[in-house]
Amino acid sequence: MTSASRAPLYLGLISGTSADGIDAALVRFERRPELVAARTFAYPPALRERVLGFARSAVEVALDDFGRLDVEIGRCFADAATELLRRSGVGADDVAAIGSHGQTICHRPDGPSPFTLQVGDPNVIAERTGITTVADFRRADVAAGGQGAPLLPALHAAVFADAVDTRAILNLGGIANLTLLAPGEPVLGFDTGPANCLLDAWAVRHLGTARDDGGAWARSGRASEALVADWLTEPYFSAAPPKSTGREAFNLDWLLARVPAGAAPEDVQASLLVLSARSVARDLRAHAAAAREVYACGGGVHNAALMDALRREMPGVRVDTTAALGIDPDFVEAVGFAWLARARLEGMPGNLPSVTGARGPRVLGGVFAGRR
Ligand SMILES: Nc1ncnc2c1ncn2[C@@H]1O[C@H](COP(=O)(O)OP(=O)(O)O)[C@@H](O)[C@H]1O
Ligand SMILES: [Mg+2]
């Protein structure tokens, strides 16, 4: 390999709000990001349960549990990095840095003492891998008055923007994030609301499976327009950006308080699908009416019923995935944290104030030295 003559490698790691596993991407940044290797590593089921337990609303947490979770998630992230390198035959010395988002367990960017909290101790990652690790990407933006989220619009703008056409990038994770790329205008980006998190929660409750595979169960039900309209009265959906949300707001408790007694579970699932798609469509119309192309990424691209619902809710708009723009939709976020690690080491800002609402551009993340 001629690694010496080529751009260095960066390794991005993230587990999103779904807590379905750690996405790991080894990336070389030439003119465009080149995905050298990528893989998702599932959490051990008991660890995933602990993560989800932390995220449940109004939970009281013992400091001991918090400290242990931080370290154990850090070990999992380190092992994911090590395993990805082993499988791809790349040595730790060839990796300039790891960019680790960690696992969000609480995101409260509004109020008098705003904060956002990710676990997965980067000291552990740097120690176990030997690779310099950049982490804690969100808090500099929150400290500067921003939402600390979403952070991916900067990557989307750098990699996916078109010179002529307005494009939208739609990340369908637990939460849906929309990035609006209109030529000559500031980038907009915000969370529209739930993408998969409520669909998952309802599937766990009624199917006993982690998700509604392909949206087949949702397809077996009939959406209730009345129910969707009622759910859309939730103030978050009408709030102006910048805005971001998470499991603290949209979770099973939220749903249970808003499902009428006697509603058929599959009809609720069908309605949730419409809720996810319509909240995206409403925001696209409100903030980028000129957009005729939406490129989706994140696990939700595998929910064919959700993709169909998006197409129904946005007539006249091409709804495709980022594969059409050259990046595997399952790893756009992980590529993003590799990209942010590089930005940090080069001293470049990583946030977009037009997106997060921060007072200005900020260099994001802390650097935790590796063993070299
Ligand atoms: N085959 C599938 N059918 C339906 N949903 C899927 C499928 N594959 C992935 N998903 C959804 O994608 C989500 C994970 O996407 P991901 O982008 O990793 O989200 P996050 O960033 O929140 O972890 C899962 O919660 C699941 O609901
Ligand atoms: Mg995930």
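Predicted, not measured: the structure shown is a model, and the values here were computed from it. (Residues numbered from 1 in each chain as written. Chains lettered and ligands numbered in written order. Predicted model: local features only at pLDDT ≥ 70, side-chain atom pairs only at ≥ 80, totals over all residues.)

## Focus on the overall build of the protein
Here is the rule: Comment: elements are numbered from the N terminus, with helices defined as DSSP H or I runs of at least four residues and strands as E runs of at least two. Buried residues are those with 20 or more other C-beta atoms within 10 Å of their own C-beta, exposed residues have 12 or fewer, and partly exposed residues lie in between; C-beta atoms are placed from the backbone. In this description, any two residues whose backbone-derived C-beta atoms lie within 7 Å of each other are considered to be in contact.
Helix and strand counts for the protein come out as 14 helices and 12 strands. With the C-alpha coordinates aligned to their principal axes, the bounding extent of the protein is approximately 60 × 50 × 40 Å. Of all 372 residues assigned to the protein, the portion counted as buried reaches 51%. Counting only contacts in the protein whose residues sit at least 6 apart along the sequence, the fraction spanning at least 24 positions is 71%.

## Digging into the site of ligand 1
Note the cut-off: Nearness here has a simple definition: the residue's C-beta atom, placed using the backbone, must lie within 6 Å of the molecule or strand. Three classes are used: nonpolar for Ala, Val, Leu, Ile, Met, Phe, Trp, Tyr, Cys and Pro, charged for Asp, Glu, Lys and Arg, and polar for all others, with Gly counted as polar. The domain boundaries here were taken from an automatic or database domain assignment.
Lining the immediate environment of ligand 1, one finds 19 residues, of which Gly16, Gly173, Asn196, Gly298 and Gly299 sit closest. Partitioned by chemical class, the residues of the shell around ligand 1 number one nonpolar, 13 polar and five charged. Two domains share the shell around ligand 1, each providing at least three of its residues, namely domain 1 (3-148 + 331-368) and domain 2 (153-325).

## Thoughts on the nonpolar core
Which entries qualify depends on this criterion: In these notes, a nonpolar core means any group of buried Ala, Val, Leu, Ile, Met, Phe, Trp, Tyr and Cys residues linked to one another through C-beta atoms within 7 Å.
One finds Leu11, Leu13, Ala81 and Leu273 to be the most contacted residues of the largest nonpolar core, which totals 109 residues. Looking at this core element by element, the count peaks at 10 residues for helix H11 (residues 265-287). If near-sequence neighbours (up to four positions away) are discounted, leucine 11 is found in contact with Ala24, Leu26, Ala81, Leu84, Val95, Ile98 and Ala338.

## With respect to the domain arrangement of the protein
Per the domain assignment, the segments making up the protein are domain 1 (3-148 + 331-368) and domain 2 (153-325). Between domain 1 and domain 2, the contact holds 27 residues from the first and 26 residues from the second. Breaking the side of domain 1 that touches domain 2 down by element, the ones donating at least two residues are strand E4 (95-108), helix H13 (332-345) and helix H14 (353-356). Element by element, the count of residues in the side of domain 1 that touches domain 2 is highest for H13, at five residues. Partitioned by chemical class, the residues of the side of domain 1 that touches domain 2 number nine nonpolar, 13 polar and five charged.

## Let's talk about unusual backbone geometry
A cis geometry characterises the amide bond from alanine 149 onward to proline 150, with omega recorded as -15 degrees. Here proline 150 lies in the loop between helix H4 (139-143) and helix H5 (153-160). Between proline 241 and proline 242 the backbone carries a cis peptide bond, its omega angle lying at 5 degrees. Tracing the chain through its elements places proline 242 in the loop between helix H9 (235-238) and helix H10 (252-256). The backbone of alanine 19 shows a phi angle near 50 degrees, a positive value even though the residue is not glycine.

## Remarks on the pairing of strand E8 (residues 175-181)
Basically, it comes down to this: Here, strands pair whenever DSSP counts at least two bridges between them.
With seven of seven residues buried, E8 is to be regarded as a mostly interior element. With burial as the criterion, each face of E8 is covered, one bearing Ile175, Asn177, Thr179 and Leu181 and the other bearing Ala176, Leu178 and Leu180. In this sheet, E8 lies alongside strand E7 (residues 167-172) in antiparallel orientation, the contact comprising six bridges. Bridge pairing in E8 places leucine 170 opposite leucine 178. Two successive antiparallel strands, E7 and E8, enclose a turn made up of two residues. As judged from the six bridges shared by E8 and strand E9 (residues 188-194), these two strands associate in the antiparallel manner. Within E9, the position partnered with leucine 178 by the bridge is phenylalanine 190. From the end of E8 to the start of E9, which pair antiparallel, there are six residues, and glycine 184 there has a positive phi angle of about 80 degrees.

## A look at the packing of helix H2 (residues 63-88) against helix H3 (residues 122-129)
So the rule is basically this: Throughout, an axis means a line fitted to C-alpha atoms (over the contacting stretch in the case of helices), and angles, computed between N-to-C directions, take values from 0 to 180 degrees. The crossing is said to be left-handed when, going from far helix to near helix, the turn is anticlockwise and less than a right angle, and right-handed when the turn is clockwise.
In the contact formed by H2 and H3, the axes pass within 8 Å of each other and the chain directions differ by 35 degrees. When the axes of H2 and H3 are compared, the crossing they make is right-handed. Contacts from Val71, Gly74, Arg75, Phe77, Ala78, Ala81 and Thr82 in H2 reach Pro122, Val124, Ile125, Arg128 and Thr129 in H3. In terms of residue class, the contact of H2 with H3 is built from seven nonpolar, three polar and two charged.

## Section: the environment of glutamate 293
With respect to the helices and strands, the residue glutamate 293 is situated in strand E10 (residues 293-297). Along the primary structure glutamate 293 and threonine 321 are separated by 28 residues, whereas in three dimensions their C-alpha atoms are 10.0 Å apart. In this view, glutamate 293 contacts Asp165, Arg167 and Arg318; residues no more than four positions away in its chain are not counted.

## Quick notes on H2
Operational definition: Here, expected helix span is obtained from the residue count minus one, scaled by 1.5 Å.
Taking 1.5 Å of rise per residue, the 26 residues of H2 would be expected to cover 38 Å, and the 38 Å separating its terminal C-alpha atoms lies within 8% of that figure. Glycine 89 occupies a position one or two residues after H2 and carries a positive phi of about 70 degrees.

## Structural notes on the packing of helix H6 (residues 197-207) against H11
Defined as follows: Here the angle decides the label: under 35 degrees means roughly parallel, over 145 means roughly antiparallel, 65 to 115 means roughly perpendicular, and every other value means oblique.
Where H6 contacts H11, the two axes come as close as 9 Å, and the packing angle between them is 170 degrees. Classified by the angle their axes make, H6 and H11 are roughly antiparallel. Our pair here, H6 against H11, has a crossing hand that is left-handed. Touching Leu198, Leu199, Trp202 and His206 of H6 are Pro265, Val268, Gln269, Leu272 and Leu273, all from H11.

## Topic: the sheet that holds E10
The strand order E9-E8-E7-E10-E11 describes an open sheet built from five strands, whose pairing is mixed. In this open sheet, the two edge strands, each paired with only one partner strand, are E9 and strand E11 (318-321). Shown here is a sheet whose adjacent strand axes are inclined to one another by a mean of 25 degrees, direction ignored. Relative to the sheet, H5 contacts E7, E8, E9 and E10, its axis offset from that of E8 by approximately 45 degrees.

## A short note on the environment of glycine 347
Positionally, glycine 347 belongs in the loop between H13 and H14. Residues glycine 347 and proline 109, 238 residues apart in the sequence, show an inter-C-alpha distance of 24 Å.

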